[in-house]
Amino acid sequence: MGHSEPSNGNQADVPFITTAQMREVDRAMVEDYGILLIQMMENAGRNLARLARSRFLDADPRGRRVLVLAGTGGNGGGGLACGRHLHNWGAQVRVWITAPATQLTEVPRRQLATLERMHVPIVVARDPADLPPADLLVDAIIGYSLRGAPAGPAAALIHAANRHEAPVLALDVPSGVDPAAGTVREPAIRAEATLTLALPKEGLRGREARDQVGDLYLADIGVPPGLYAGPRLGLDVGPIFGEDEVIRLW
């Protein structure tokens, strides 16, 4: 991708999938192909950082202020990986996380520990949350595992992000948007752009969700085409990332 905008993908070649199908992709990656969660998370985070750089940071993150809003699961871990790359590229990164490190699942906790060793400032979010000025907010709070309306520190961060003047780049699904039905919970992130992973989720193209999603991009996390073609999914997905690891869908 370099310093240019991601290429426009051919939507006809990119199927939208259900959350059940995405769970099957995650399962098969680990159990059938031996591709670990931390590898997928690293791919997601690096591609998110690259999109942040090209789309929102004028192709040069040096000195730019980025706030990463992270949850406790895999989506949060992808956001933390993004923050690490942007920090390495010269951005002033700060992290707001919805719970202390002890409440994170194993792989995101490892990502957080690396950021701590790099002396990236980390704040455990409170309700209400108050965010400082920034050039970009990264929404990695909930992802596709949404269960009901966001609450507690997650809801506080969503409200704070929507009040903020900086644009929001969401990872996979804007937090608070149901990726299956496309319904918008209260509260829900209003993103200027969303980078969804592997294949786009069915709910993202729902009429109600489109305003929350903003511009939709798709990122490669390393799923083998043969996985999609297997008997449990039966999807014909070619080398859609042949030209770029990130493609724009709309």
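Heads up: the structure comes first, above all this text.
Every chain is numbered on its own, with residues counted from 1 as its sequence reads. At least 70 in pLDDT is required for a residue's local features to be given in this predicted model, at least 80 for side-chain atom pairs to be given and counted, and no such filter applies to totals for whole chains, interfaces and linings, which use all residues. The side-chain values count all of the structure's non-hydrogen atoms but skip hydrogen atoms and water molecules.

K.L.:
Could you clarify how one ought to interpret the pairing of strand β5 (residues 136–140) in this entry?
P.N.:
Every other side chain in a regular strand lies on the same face of the sheet, so the side chains alternate between the two faces. β5 sits mainly inside the fold: five of its five residues count as buried. Here β5 shows no split at all, with Leu136, Val138 and Ala140 on one side and Leu137 and Asp139 on the other all buried. Here, strands pair whenever DSSP counts at least two bridges between them. Segments assigned H or I by DSSP are reported as helices when at least four residues long, segments assigned E as strands when at least two residues long, and all are numbered from the N terminus. Across five bridges, strand β2 (residues 65–70) lies against β5 in parallel orientation. Residue pairing for β5: Val68 is matched across the bridge by Val138. Here β5 runs beside strand β6 (residues 168–171); their pairing, made up of three bridges, is parallel. Following the sheet pairing, Leu137 is matched in β6 by Val168. Type-normalised accessible area, obtained with a 1.4 Å probe on protein chains alone, sets the label of each residue: buried when under 20%, exposed when over 50%, and partly exposed for intermediate values.

K.L.:
Sorry, what's going on with helix α5 (residues 152–163) here?
P.N.:
Side chains of residues three or four places apart in an α-helix project in the same direction, reflecting 3.6 residues per turn. With twelve residues, α5 ought to run about 16 Å at 1.5 Å a step, and its terminal C-alpha atoms sit 17 Å apart, in line with that. Where α5 is buried, its residues touch β2, β3 (92–97), β5 and β6. What a helix is expected to span follows from its residue count: subtract one and scale by 1.5 Å. Throughout, a contact is declared for two residues whenever any of their heavy atoms are within 4.5 Å.

K.L.:
When you look at the pairing of strand β8 (residues 215–219) in this model, what are you seeing that I'm missing?
P.N.:
Counting buried residues in β8 gives five out of five residues, a clear majority hidden from the surface. Of the two faces of β8, the one carrying Asp215, Tyr217 and Ala219 and the one carrying Leu216 and Leu218 are both buried. In this structure, strand β7 (residues 193–197) lies alongside β8, joined through five bridges in parallel fashion. When the sheet's bridge partners are listed, Leu197 is paired in β8 with Ala219. Two strands pair when backbone bridges link them, and β8 and strand β9 (residues 246–248) are joined in this way by three bridges, in the antiparallel orientation. The residue bridging Ala219 from the neighbouring strand is Val246, located in β9.

K.L.:
I would appreciate a short explanation of the packing of aromatic side chains in the present structure.
P.N.:
Given two aromatic rings, their pairing is described by the distance between the two centres and the angle made by the two planes. Each aromatic pair joins two rings of Phe, Tyr and Trp (for Trp, the six-membered one) with centres within 6.5 Å, and gets the label stacked for planes under 30 degrees apart, edge-to-face for over 60, and tilted for any other angle. Applying the stated criterion across every chain yields a total of one aromatic pair. The interplanar angle of 10° and the centroid separation of 6.5 Å between the aromatic rings of Phe16 and Trp250 together place this pair among those described as stacked. Highlighted residues: Phe16 in the loop between β1 (7–8) and α1 (19–31) and Trp250 in the segment after β9, separated in sequence by 234 residues. With relative accessibility at 12%, the residue Phe16 sits in the buried group. A ring is scored as having a charge over it whenever the NZ atom of a lysine or the CZ atom of an arginine sits within 6 Å of its centre and within 35 degrees of its normal. Between Arg53 and the ring centre of Trp89, over which it is positioned, the NZ or CZ distance is 4.1 Å. For the cation-ring pair, Arg210 lies above Trp250, with the distance from its terminal atom to the ring centre recorded as 3.6 Å.

K.L.:
Any chance you could explain the packing of helix α2 (residues 37–56) against helix α4 (residues 106–117) here in plain terms?
P.N.:
Axes are the key here: two packed helices are described by the angle between their axes and the distance separating the axes. To obtain each axis, a line is fitted to C-alpha atoms, and for helices this fit is confined to the stretch in contact; angles are then taken between N-to-C directions over 0 to 180 degrees. At their nearest, the axes of α2 and α4 sit 10 Å apart, and the two run at 55° to each other. As far as their axial angle goes, α4 and α2 are oblique. Between α2 and α4 lies a crossing of right-handed hand. Judged by residue contacts, Leu37, Ile38, Met41 and Glu42 of α2 engage Val107, Pro108, Arg110 and Gln111 from α4. Residue polarity is assigned by list, with Asp, Glu, Lys and Arg as charged and Ala, Val, Leu, Ile, Met, Phe, Trp, Tyr, Cys and Pro as nonpolar; anything else, Gly included, falls into the polar class. Each residue belonging to the contact of α2 with α4 can be placed in one class, and the counts come to five nonpolar, one polar and two charged. In what follows, roughly perpendicular refers to angles from 65 to 115 degrees, roughly parallel to angles under 35, roughly antiparallel to angles over 145, and oblique to any angle outside these ranges. Definitions for this section: a left-handed crossing has its near helix turned counterclockwise from the far helix by less than a right angle. A right-handed crossing has that turn clockwise.

K.L.:
Explain the layout of surface pockets to me, please; I cannot follow it from the model alone.
P.N.:
The gaps left among the atoms become clear once a water-sized probe is rolled over them. Its boundaries defined by the atoms lining it, the largest pocket holds a volume of some 660 Å³. Residue lining of the largest pocket: 33 residues in total, with Gly73, Gly74, Asn75, Tyr144 and Ser145 positioned closest to the centre. Mapped by element, the contributors of at least two residues to the lining of the largest pocket are α1, α2, α3 (74–88) and α4. Here the residues of the lining of the largest pocket are counted per class, giving 18 nonpolar, twelve polar and three charged. The distinction between a cavity and a pocket rests on a 1 Å grid over the protein atoms alone: a 1.4 Å probe fits inside a cavity but cannot get out, while a pocket stays open yet meets protein on both sides within 12 Å along at least five of seven lines, and a residue with an atom within 4 Å of a point counts as lining. Grid points are joined across faces, edges and corners, and a volume is the space filled by probe spheres set on the points.

K.L.:
I keep staring at α1 and nothing clicks. Help me out?
P.N.:
Between its first and last C-alpha atoms α1 spans 18 Å; for 13 residues at 1.5 Å apiece the expected length is 18 Å, and the two agree. Each element contacted by the buried residues of α1 is listed here: α2, β7 and α7 (225–229).

K.L.:
Before we go on, may I ask you to explain unusual backbone geometry in this structure?
P.N.:
As a rule of thumb, non-glycine residues mostly have phi less than zero, and peptide bonds are mostly trans rather than cis. Between Asp127 and Pro128 the backbone carries a cis peptide bond, its omega angle lying at 5°. Cis geometry marks the peptide bond from Glu186 to Pro187; its omega dihedral reads 0°. If you trace the backbone, Pro187 turns up in the loop between β6 and β7. Look at Ala59: it is not a glycine, yet its phi comes out positive at around 65°. You can see Ala59 is positioned in the loop between α2 and β2. Even without being a glycine, His119 presents a positive backbone phi close to 65°. By the element assignment, His119 lies in the loop between α4 and β4 (122–124). On the accessibility criterion, His119 (69% relative accessible area) is exposed.

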